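# Analysis of the macromolecular model
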Amino acid sequence: MTNIEKKKDYNIKLYPTYSMVAADFIFFYAIEYVFLTSVKNFSSAQVVLLDSLIPLFCILVNIPCTVFVEKIGKKVGMAVSNFAMMLCLLLLILGTNIYHVAIGFFFNAIGFCLKRLVDTNFLAENIEMKAKEGRRLFSTVIAISNRNYYVLDGVTSFLTGFTFMINGYLPMIISLAFATMAFVISLMFKNVETKEEEREAEKLKVGNAFKREFKNVIDSFKTLLKSKRIRSFLLFVLAFNGILYGSYMLRSTMLSEYYEIDDSSLAFLTAGMTLVSGLTAIVQEKLKDKLKNKNLAFISLVFIGTYILTSVVAGSTMPFYFKLCITIFFFMLQYIINSANEIAASSYSKNFTTSKIRVKISAAYAIVKNLSEFITTFTFGLLLEGIAIEKLFMYIGLVFAVILTFVLLYMRKHFGLKPEEYDKSEIFDAK
């Protein structure tokens, strides 16, 4: 085994441990709303507004982050992304007004934007993605990484309520400790970039980089959109990812307003659903292998189905607690589907690609994903002002059922096919 092969093997083995604490905030989401409203004394409207800014910030920092990654490389980009997450939490802890929190969420956007550009792409750099075995290994590592994160997040989320009762700041401090751990682990990865890639990075002039990258992103979009395979994938992301993101707010609203679940119970329910999502990560990977090109269609339609059924159950004459249990089951399915979608998206966006094109595909994916999340969440916020939550679930389910049906019909002929079924222009794997 050569020295570079040893480095790659080391990185692959380290990645699940890194992703377990770095994939997202730990000890945070189950308490975020309560922390901002009860400790920082922000109104519910302010919290929703702040959350809606994150996808918008991600769009704004996408190009600068892409330039940054091309200049410094993926390994350093991983470390910087985790440092930005640390700054976000520090500002939330120390901030005294809405502007401090907004700046914190701006660093949040930087951190997540960098993560989407570098984390899974760094893993792909260490795996031979052209080979079927390599693509399977990549999906397996991602599935294990997601399972580790969701299990850790689910288990620790059960403790957030107890720590919050001790001190309102304690859950946030623990979350900061996990973010610091992710930063330290990110420094332990070995650099596997080639000398040619390093020389190209050194030649990149910072003064002209932004202008060139803006043009490159526009040109990349034009190139990528010529591919019916990539166009289908991005169209699906635009149609589906927004409702995934916006569902977090709608689920909490349904449970707290319609079913009148208190904050502490809501935190425990969120933790439980997150834990189940993590424990089923390997099953999700097996389901992906079984369904193959029908995977995205299956998970998206099941997700939309849970929306419609949630509204039907809420409006039925069933006993209250029976309705609540069924609704929680549907929401648990949504958590599982969200995890399955992340696994599928990470895998599909890397298939038949080279190192050079992966960052550009990731950048395009991030822009479309964040645009979908911002538009959808903003719309959900407006609709919540005048429509009862139990009815809103039905309306959203029906509208997205129509949208996704048209998208999936278009995708059938252009996405999820065997390599030999694609035109050569659809395969970005030339050296």
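The structure under discussion appears in the preceding block.
All of these numbers come straight from a predicted model, not from anything done at the bench.

## Some remarks on the nonpolar core
Buried together is how nonpolar side chains tend to be arranged in soluble globular proteins. F105, L123 and M172 are the most contacted members of the largest nonpolar core, which totals 61 residues. Listing elements by their share of this core, those giving two or more residues are α1 (3-22), α2 (32-39), α3 (44-72), α4 (74-94), α5 (98-125), α6 (132-166) and α7 (170-186). Residue contacts for L123: discarding those within four places in its chain leaves I12, Y15, F138, V141 and I142. Of all hydrophobic cores here, the second largest spans 39 residues; its members include A239, L296, F303 and L404.

## Details of α7
The end-to-end C-alpha distance of α7 is 25 Å, a good match for the 24 Å that 17 residues give at a rise of 1.5 Å each. Where α7 is concerned, the buried positions are P171, M172, S175, L176, F178, A179, A182, I185 and S186.

## Section: the state of the cysteines
Tallying each qualifying case throughout the model produces 0 disulfides. Free cysteine: C58, not disulfide-bonded; nearest cysteine sulfur from C113 at 6.1 Å. Assessed through its relative accessible area of 2%, C58 is described here as buried.

## Examining empty space enclosed by the protein
Empty space among the atoms becomes visible once a probe the size of a water molecule is rolled across them. Summed over all chains, the structure comprises 3 cavities of 30 Å³ or more. One number sums up the size of the largest cavity: a volume of about 70 Å³. Lining the largest cavity we find 13 residues, and of these V21, D24, F25, M85 and A179 sit closest to its centre. Secondary-structure elements contributing two or more residues to the lining of the largest cavity are α1, α4 and α7. Looking at which element gives the most residues to the lining of the largest cavity, the answer is α7, with 4 residues. For the lining of the largest cavity, the residue count by class is 9 nonpolar, 2 polar and 2 charged.

## Focus on a nonpolar patch on the surface
Together, L159, F162, M165 and F268 make up an exposed nonpolar region whose accessible area comes to about 420 Å². Counting residues per element, the nonpolar patch draws most heavily on α6, at 3 residues. On the accessibility criterion, F268 (33% relative accessible area) is partly exposed.

## Remarks on the pattern of salt bridges
Enumeration over the complete set of coordinates arrives at 3 salt bridges. Here E373 makes a salt bridge to K369, at a shortest N to O gap of 2.5 Å. Placement of the pair is E373 and K369 together in helix α15 (residues 355-384), with a separation of 4 residues, close to one helical turn. Considered together, E373 and K369 belong to a single accessibility category, that of buried residues.

## Details of the packing of aromatic side chains
A full pass over the atoms with the stated rule returns 22 aromatic pairs. Here the aromatic rings of F240 and F303 are separated by 5.6 Å at their centres, their planes lie at 90 degrees, and the arrangement is edge-to-face. Note that F240 is positioned in helix α10 (residues 228-258) and F303 in helix α13 (residues 295-314), a separation of 63 residues in sequence. Looking at F240, the relative accessible area reads 0%, which means it is buried. Given the relative accessible area of 0%, F303 is considered buried. Chaining the aromatic ring pairs together yields one cluster made of F236, F240, F303, Y307, F331 and F393. Over the ring of Y10 we find K190, and its NZ or CZ is 5.3 Å from the ring centre.

What counts, and at which threshold
- Residues numbered from 1 in each chain as written.
- Predicted model: local features only at pLDDT ≥ 70, side-chain atom pairs only at ≥ 80, totals over all residues.
- Heavy atoms only, no water.
- Core = buried A, V, L, I, M, F, W, Y, C linked by side-chain atoms within 4.5 Å.
- Buried < 20%, exposed > 50% of the residue type's maximum accessible area, 1.4 Å probe, protein only.
- Helix = DSSP H or I, 4+ residues; strand = E, 2+ residues; numbered from the N terminus.
- Contact = heavy atoms within 4.5 Å.
- Expected span 1.5 Å × (residues − 1).
- Disulfide = S-S within 2.5 Å.
- 1 Å grid on protein atoms, 1.4 Å probe; cavity = no way out; pocket = protein on both sides within 12 Å on 5 of 7 lines; lining within 4 Å.
- Points joined across faces, edges and corners; volume = space filled by probe spheres on them.
- Nonpolar A, V, L, I, M, F, W, Y, C, P; charged D, E, K, R; others polar.
- Patch = residues over 30% accessible without salt bridge, like charges linked within 9 Å, V, L, I, M, F, W, Y side chains within 5 Å.
- Areas by Shrake-Rupley, 256 points an atom, 1.4 Å probe, with all protein chains shown as cover.
- Salt bridge = Lys/Arg side-chain N within 4 Å of Asp/Glu carboxyl O.
- Phe/Tyr/Trp six-rings, centres within 6.5 Å; stacked < 30°, edge-to-face > 60°.
- Lys NZ or Arg CZ within 6 Å of the ring centre and 35° of its normal.

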